[in-house]
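Fold and contact review
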Amino acid sequence: MKITNICCIGAGYVGGPTMAIIAQKCPHIKVTVVDLNEDRIAKWNDADVNNIPIYEPGLSEVVGEARGRNLFFSTEVDKAIEEAQLIFISVNTPTKTYGSGKGMAADLKYIELCARQIARVAKNDKIVVEKSTLPVRTASAIKNILENTGNGVQFQILSNPEFLAEGTAVEDLFAPDRVLIGGDSTAEGQKAIEALVSIYANWVPREKILTTNVWSSELSKLTANAFLAQRVSSINALSELCEKTEADVNEVARAIGMDSRIGSKFLKASVGFGGSCFQKDILNLVYIAKSYGLNEVADYWEQVIIMNDHQKNRFSRNIVSTLYNTIADKKIAFLGWAFKKDTNDTRESAAIYVADNLLYEQANIAVYDPKVDHKQVLFDLDYLETRTKEANAKYVTSFDNPYEACKDAHAIAVLTEWDEFKEYDWQKIYDSMLKPAFVFDGRNLLDGQKLEAIGFKYQAIGS
């Protein structure tokens, strides 16, 4: 089957960038991204392409090139489904907050709603592609829904998980380590796989396009994120030991990273990992293991999450203890709120939980992030439901200027590794703060010796 019309349900961090790259690289294919969120679609269609809802380096240029040519953003979901030959499902799959599996299992209600909508609308055969991160054997549930519509339409279900790192998503899409496609071993399943392969083959070398069965593809996504998160938690666990033994975690990471069997990636000690995938996927893996009675396997992976939570709480406790065991009414400036640099995504950001811990101690939080606004900061804290919205609004402020955020602060906490933080006039910041002035570097980003020469009391993770 030659694909000429694609629909993607979900205009978020995965669907938007992925479809933009496909549209740019495949000008012969019409790509329509649909979402029920009218405000989000309006932003994707904003006349000023720099106002699109997702910040990723290079993304606005790609959208600007393809939008209106063969890339379209719309709220007309039924129309796009009906016209498309291939449909990507790229909706949110958060961790369940209710019922069986609460706190661990993936909530698949949006996936099921998509499947039922496709089943209701489709009048001819379709290829349906799982793009969202899903538990193993979700494709079976989707297939059951689609095949019991009674309208005679034939569906092929493929798994095509994303392996994007926010902040480098465009680069990852242009030159992926691999593209993974899982499908049935039947003749029809293999034709569907080849149809999707042929799309990616417009710019990805075929030797980097891997094909598997559906279940292997689904599990590979969870496993990849679990392995990466495990590395972060491993070095963070050692960072605490380094602080007790006067070793330097950066030197330890450099030494072990030069071992070709280990490598240097994901060995940077920090206040903890965040983002939409790592914690959710590990908890999903834990839930799956427990559901099969594999308790030792579940316990092993759950420890990665426990270590990550411990690191965030330890960072918070250290701020309190260093500031003479009281931070009530003290101003703590946060440099960074996004979970990592070069993205405006704040999901599961360490900054949220550190702020929550400090607010419990009645601190005043002043936030500066170059890509995150005050509305998002308050939304993230309100979502935790640990205090009233009024209390969050009273004790948390955001600034458009980092120097104003730090003025009259007792301490600064570096929570995101934005490169611009290294270029600031730190003497000017020091002069504006209350003394003694502290910097708690949760990202090992700054030059500690330089800051201490100015007069700061400087502490970094693992040193």
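What this report covers is the structure whose coordinates are included nearby. Computed from a prediction, not measured in an experiment: that's the story for all the values here.

Okay, the overall build of the protein chain next. Across its full length, the protein chain carries 18 helices and 14 strands. Put simply, the protein chain has 463 residues, and 52% of those count as buried. A separation threshold of at least 6 residues defines the contact pool for the protein chain, and within that pool the share at least 24 residues apart is 75%. Put simply, the protein chain shows about 20900 Å² of open surface, and 50% of that area lies on carbon and sulfur atoms.

For the structure on display, the rule yields 21 salt bridges. Taking the shortest distance from any N to any O, the salt bridge between Glu 82 and Lys 123 comes out at 3.9 Å. Placement of the pair is Glu 82 in helix α4 (residues 77-83) and Lys 123 in the loop between α5 (109-121) and β5 (126-130), with a sequence separation of 41 residues. Taking relative accessible area as the criterion, Lys 123 reaches 62% and is therefore assigned exposed. In this structure, Arg 314 engages Glu 240 in a salt bridge whose closest nitrogen and oxygen atoms are separated by 3.8 Å. Highlighted residues: Arg 314 in helix α12 (residues 295-322) and Glu 240 in helix α9 (residues 214-245), separated in sequence by 74 residues. Looking at Arg 314, the relative accessible area reads 12%, which means it is buried. Taking the relative accessible area as the measure of exposure, Glu 240 reaches 24% and is therefore partly exposed. Beyond isolated ion pairs, a larger network of salt bridges with shared partners links Lys 30, Lys 79 and Glu 83.

Let us now look at the sheet that holds strand β13 (residues 438-441). Read from one edge of the open sheet, 6 strands run β11-β10-β9-β12-β13-β14, paired in parallel fashion. At either end of the open sheet lies a strand with only one pairing partner, and these are β11 (396-398) and β14 (457-460). Neighbouring strand axes in the sheet, compared pairwise and without regard to direction, differ in orientation by 20° on average. Pairing of β13 with β14, which is carried by 4 bridges, proceeds in the parallel orientation. In the strand pairing of β14, Phe 440 is matched with Gln 459. Most of the contacts of α12 go to β13, to which it runs at about 165°, and overall it touches β12 (411-414), β13 and β14. Helix α13 (residues 350-360) contacts β9 (331-335), β10 (364-368) and β11 of the sheet and is inclined by roughly 180° relative to β9.

Moving on, we get to the side chain of Ser 276. On the secondary structure map, Ser 276 appears in the loop between α10 (249-257) and α11 (278-291). Sequence-distant contacts of Ser 276, defined by excluding residues within four places in its chain, comprise Glu 166 and Arg 347.

Burial along strand β7 (residues 179-182) is two-sided: the face carrying Val 179 and Ile 181 and the face carrying Leu 180 and Gly 182 are both buried. Alignment of β7 against strand β8 (residues 209-212), held across 4 bridges, turns out to be parallel. Across the sheet, Leu 180 pairs through a bridge with Leu 210, a residue of β8. Between β7 and its parallel partner β8, the chain crosses via helix α8 (residues 187-200), and the hand of that crossover is right-handed.

So, about the nonpolar core. Phe 334, Trp 337, Leu 358, Ile 412, Trp 426 and Phe 456 are the most contacted members of the largest nonpolar core, which totals 61 residues. Counting residues per element, this core draws most heavily on α13, which supplies 7 residues. In this structure, Trp 426 is in contact with Leu 335, Ile 412, Phe 421, Val 439, Leu 446, Leu 451, Ile 454 and Phe 456, ignoring residues within four places of it in sequence. Ile 6, Val 33, Leu 86 and Ile 199 belong to the second largest nonpolar core, which has 43 residues in total.

Tracing the chain through its elements places Gln 85 in the loop between α4 and β4 (86-89). A polar contact of 3.2 Å, which involves the side chain of Gln 85, links it to the backbone oxygen of Lys 2. Here the side chain of Gln 85 touches Asn 5 through a polar contact of 2.9 Å, landing on its backbone nitrogen. Among all residues touching Gln 85, those that are not within four sequence positions of it are Met 1, Lys 2, Ile 3, Thr 4, Asn 5, Asp 125, Lys 126 and Ile 127.

Quick look at the packing of helix α6 (residues 138-147) against α9 now. The geometry of a pair of packed helices is captured by two quantities: the angle between their axes and the separation between those axes. Put simply, α6 and α9 touch, their axes get as near as 9 Å, and they point 130° apart. In terms of orientation, α6 lies oblique with respect to α9. Contact residues: Thr 138, Ala 139 and Ser 140 in α6; Val 214, Trp 215 and Glu 218 in α9.

Moving on, we come to the pairing of β10. In terms of burial, β10 is a largely internal element, 4 of the 5 residues being buried. Here β9 runs beside β10; their pairing, made up of 5 bridges, is parallel. Across the sheet, the residue bridging to Phe 334 is Val 367, located in β10. Read as a crossover between parallel neighbours, the route from β9 over α13 to β10 is right-handed. Note that β10 and β11 share 3 bridges and pair parallel. Paired with Val 367 across the bridge in β11 is Ser 398.

Next up on the list: a nonpolar patch on the surface. Together, Tyr 292, Leu 294 and Val 297 line one region of the surface with nonpolar side chains, adding up to about 310 Å² of accessible area. Position of Val 297 relative to the elements: it lies in helix α12.

Further remarks concern helix α1 (residues 15-25). Counting buried positions along α1 gives 10 out of 11 residues, so the element sits mostly inside the fold. For α1, the complete set of buried residues consists of Gly 15, Gly 16, Pro 17, Thr 18, Met 19, Ala 20, Ile 21, Ile 22, Ala 23 and Gln 24.

All right, on to α10 then. Along α10, the residues that are buried comprise Val 249, Ala 253 and Gly 257. With its buried residues spanning 65° around the axis, α10 presents them on a single face. In this structure, α10 carries Arg 254 and Ala 255 as exposed residues pointing more than 90 degrees from its buried face. If you follow the buried residues of α10, they end up packed against α9. Near the N-terminus of α10, the side chain that reaches the backbone nitrogen of Asn 250, with its oxygen 2.8 Å away, is that of Asp 248.

Rules used in this analysis
- Residues numbered from 1 in each chain as written.
- Predicted model: local features only at pLDDT ≥ 70, side-chain atom pairs only at ≥ 80, totals over all residues.
- Heavy atoms only, no water.
- Helix = DSSP H or I, 4+ residues; strand = E, 2+ residues; numbered from the N terminus.
- Buried < 20%, exposed > 50% of the residue type's maximum accessible area, 1.4 Å probe, protein only.
- Contact = heavy atoms within 4.5 Å.
- Areas by Shrake-Rupley, 256 points an atom, 1.4 Å probe, with all protein chains shown as cover.
- Salt bridge = Lys/Arg side-chain N within 4 Å of Asp/Glu carboxyl O.
- Pairing = 2+ DSSP bridges.
- Axes fitted to C-alpha atoms, helices over the stretch in contact; angles between N-to-C directions.
- Right-handed = clockwise from strand over helix to strand, strands pointing away.
- Core = buried A, V, L, I, M, F, W, Y, C linked by side-chain atoms within 4.5 Å.
- Polar contact = N/O pair within 3.5 Å; in protein donor to acceptor, adjacent residues only side chain to side chain.
- Parallel < 35°, antiparallel > 145°, perpendicular 65-115°, else oblique.
- Patch = residues over 30% accessible without salt bridge, like charges linked within 9 Å, V, L, I, M, F, W, Y side chains within 5 Å.
- Arc of directions from axis to C-beta.

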